[in-house]
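# Structure at a glance
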Amino acid sequence: MKQLKRWIVSSGLLGLLFVLSGCVQHDKAGNPTGEGFFYKFLVAPMGNAIKFLADDWGLGFGLAIIILTIIVRLAIMPLGLSQMKKSMIQQEKMQAVKPYTDDINKRLKAATSNEEKMQVQSELQNLYKENDINLMGGLGCLPLLIQMPIFTALFYAAKFTQGISESTFLGIDLGKPSLLLVALAGISYFAQSYISMIGMAEEQKKQMKMMSYMSPLMIVMISFSSPAGVTLYWVVGGIFSCIQSLITTLYHKPKVKAELAEHFAKNPIKAVKPAVKDVTPKKATSTPNSKPKNAQGRNAGKQQRK
C-alpha cells in the first residue's frame, strides 16, 4: 500500500513536469517562442529577475541564479516544512499502531476466502479511523503541486534566459555541461535523502531506500545533458533541501515525537476487535410435540400390525 502511494505521487509529479514542459512552446532551433500561459506568467518573469540581478546589479548570471533560487526556496519553505511535518506525524502514528497492523496483516495473509479478507481489511480501516490515521495525509500533494510549477519555471528560466549561455561562474562555462556541478548536484540530493531518513525505523528506511536513490539519479541524468547554468540551479536547490531536511530532522521530528507521546499517554491506542466469523454449529431445535424418527417408525409399524 505504501509503495503504491509513493508510486502514484511520483508518477503524478513526473506527469505534471511533462505537462509543464509542454506548456513552453519551442521553435525549430529549440528556443522558446514566448507564447503560452506558463511561459508568460512564470518563466519570463523569472528570466527577467535573473537578468536584473545579473546586469542591473552587476552580480553576473551565476550569482543571479543562486540568489533567485534561494529566494524562491525561502518563499516555498513554509509549505515544504508543513508537508514534512504532516508526513512525520503520519509516520509516527503508523509506527505506534504497527503491532496491531502486523497482527492484522498476518491474518489477512492467512485468510482463505474473499469474505474473510474483506472482514480483516475492514478491521484495518477501522483501526486507522479510530486512531485518526489518514494514509493520504502525509503525502502533502498540494504543497508539492504548488511547488512544481515554480521550480519548473525557474529551471526553464535558468535554461533559456539570454546571456547565461555566454557567461562563466568561477571558471565554469554556464552554457556547457559541467561534470563538477553534476557531481555536486548528485551528492547534494543523495545527502538530502540520507538526512531525511535519520531516526527512521529500519523498516521505513528499507521502504524509502529506492526513492533515496531514484531522486539523485534522475537529477544526475538530467544534469549530464543540461548546461551548467541549469545544473547550478539543481546544486543550490539540493543544498537548500539538505538545510530544510536538517531543520525537520533535528527540530521538528523530536518535537513531533514528544507531542505524539503525550497524546498517546492521554489517549491510548484504540484497538479494534478482530472480525471473527461465527462458525459455531447450530443446535437442532425440537418442538414439544415432535418425536424422534425412530419412535415414529416404531409406532407406524405397530399400527400396521393391528
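A quick note: this is a predicted structure, and the numbers were derived from the prediction, not measured. (Residues numbered from 1 in each chain as written. Predicted model: local features only at pLDDT ≥ 70, side-chain atom pairs only at ≥ 80, totals over all residues. Heavy atoms only, no water.)

## As for the overall build of the protein
In terms of regular secondary structure, the protein is built from 10 helices and 2 strands. Residues counted as buried form 36% of the 306 residues belonging to the protein. Pairs at least 24 residues apart make up 76% of the contacts formed inside the protein by residues separated by at least 6 positions. For the protein, the accessible surface area stands at approximately 19,000 Å², while carbon and sulfur atoms represent 62% of it. (Helix = DSSP H or I, 4+ residues; strand = E, 2+ residues; numbered from the N terminus. Buried < 20%, exposed > 50% of the residue type's maximum accessible area, 1.4 Å probe, protein only. Contact = heavy atoms within 4.5 Å. Areas by Shrake-Rupley, 256 points an atom, 1.4 Å probe, with all protein chains shown as cover.)

## Notes on unusual backbone geometry
With the exception of glycine, most residues fall at negative phi, and the peptide bonds are largely trans. Even without being glycine, Leu-170 reaches a positive phi, approximately 55°. By secondary structure assignment, the location of Leu-170 is in the loop between strand E1 (168–169) and strand E2 (172–173).

## Digging into the packing of aromatic side chains
A full pass over the atoms with the stated rule returns 7 aromatic pairs. Each ring, one from Tyr-189 and one from Trp-234, has its centre 6.2 Å from the other, and the planes form 70°; the classification is edge-to-face. Residue Tyr-189 is located in helix H7 (residues 179–196), and its partner Trp-234 is located in helix H9 (residues 228–266); the two are separated by 45 residues in the primary sequence. When its relative accessible area of 14% is taken as the criterion, Trp-234 is described as buried. Cluster of aromatic residues (ring-pair linked, three or more members): Phe-155, Tyr-156, Phe-160, Tyr-189, Tyr-233 and Trp-234. (Phe/Tyr/Trp six-rings, centres within 6.5 Å; stacked < 30°, edge-to-face > 60°.)

## Structural notes on the nonpolar core
Generally speaking, nonpolar side chains in soluble globular proteins are found buried as a group. Residues Ile-50, Leu-232, Tyr-233 and Trp-234 are the most contacted members of the largest nonpolar core, which totals 37 residues. Here the element with the most residues in this core is helix H6 (residues 141–160); it accounts for 8 residues. The contact partners of Leu-232, leaving out residues within four places of it in the chain, are Gly-62, Ile-65, Ile-66, Phe-169, Leu-174 and Leu-181. Counting residues in each nonpolar core, the second largest holds 8 residues, with Met-94, Leu-127, Tyr-128 and Ile-133 among its members. (Core = buried A, V, L, I, M, F, W, Y, C linked by side-chain atoms within 4.5 Å.)

## Re the pattern of salt bridges
Scanning the entire structure with this criterion turns up 3 salt bridges. Residues Asp-103 and Arg-107 are paired through a salt bridge, measuring 3.3 Å at the closest nitrogen-oxygen approach. A residue pair is termed a helical-turn pair when its members lie 3 or 4 positions apart in one helix, as Asp-103 and Arg-107 do in helix H4 (residues 98–110) at 4 residues. We classify Asp-103 as partly exposed; its relative accessible area is 40%. (Salt bridge = Lys/Arg side-chain N within 4 Å of Asp/Glu carboxyl O.)

## As for the environment of Tyr-156
Along the chain, the position of Tyr-156 falls in helix H6. The sequence separation of Tyr-156 and Met-46 amounts to 110 residues, and the corresponding C-alpha distance is 8.9 Å.

## A word on the side chain of Gln-244
Take Gln-244: it is sitting in helix H9. For Gln-244, a relative accessible area of 12% translates into the label buried. Those residues in contact with Gln-244 that lie beyond four places of it in its chain are Met-77, Gly-80, Leu-81 and Met-84.

## Overview of the environment of Lys-85
Topologically, Lys-85 is positioned in helix H3 (residues 61–96). Distance in space between the C-alpha atoms of Lys-85 and Lys-255 is 9.9 Å, their sequence separation being 170 residues. In this view, Lys-85 contacts His-252 and Val-256; residues no more than four positions away in its chain are not counted.

## As for the side chain of Gln-192
Turning to its location among the elements, Gln-192 is positioned in helix H7. Residue class for Gln-192 comes out buried when judged on its relative accessible area of 16%. Non-local contacts of Gln-192, meaning those with residues more than four positions away in its chain, are made with Met-84, Ser-241, Cys-242 and Ser-245.

## A few points about the packing of H7 against H9
At their nearest, the axes of H7 and H9 sit 8 Å apart, and the two run at 15° to each other. Viewed along their axes, H7 and H9 adopt a mutual orientation that is roughly parallel. Here H7 runs over H9; the crossing is left-handed. Grouping the amino acids of the contact of H7 with H9 by side-chain chemistry returns 14 nonpolar, 9 polar and 1 charged. (Axes fitted to C-alpha atoms, helices over the stretch in contact; angles between N-to-C directions. Parallel < 35°, antiparallel > 145°, perpendicular 65-115°, else oblique. Left-handed = near helix turned anticlockwise from the far one by under 90°. Nonpolar A, V, L, I, M, F, W, Y, C, P; charged D, E, K, R; others polar.)

## Quick look at H3
With 36 residues, H3 ought to run about 52 Å at 1.5 Å a step, and its terminal C-alpha atoms sit 50 Å apart, in line with that. In H3, a bend of some 45° at Ile-76 exceeds every other bend along the element, and Pro-78, a proline, comes one to four places later. (Expected span 1.5 Å × (residues − 1). Bend = angle between axes of the 7 residues up to and from the residue.)

## So, the confidence of the model for the protein
Averaged over the protein, the pLDDT score is 75; the fraction of residues at 70 or greater is 72%. Confidence scores differ between elements of the protein, with helix H1 (residues 2–23) showing the lowest mean pLDDT of 46 and E2 the highest of 91. Every residue in residues 1–22 is under pLDDT 50, and counting partners more than four places away or in other chains gives 27 contacts. This stretch, residues 278–282, has a pLDDT under 50; its non-local contacts, to residues over four places away or in other chains, come to 0 contacts. (pLDDT = per-residue confidence, 0-100.)

## Topic: a nonpolar patch on the surface
A grouping of Phe-190, Tyr-194, Ile-198, Tyr-213 and Leu-217 is seen on the molecular surface, where their side chains present a nonpolar patch of about 530 Å² in accessible area. For the nonpolar patch, the elements supplying multiple residues, two or more each, are H7 and helix H8 (202–224). Relative to the elements of secondary structure, Tyr-194 occurs in helix H7. Judged by relative accessible area, Tyr-194 falls into the exposed class, the value being 56%. (Patch = residues over 30% accessible without salt bridge, like charges linked within 9 Å, V, L, I, M, F, W, Y side chains within 5 Å.)

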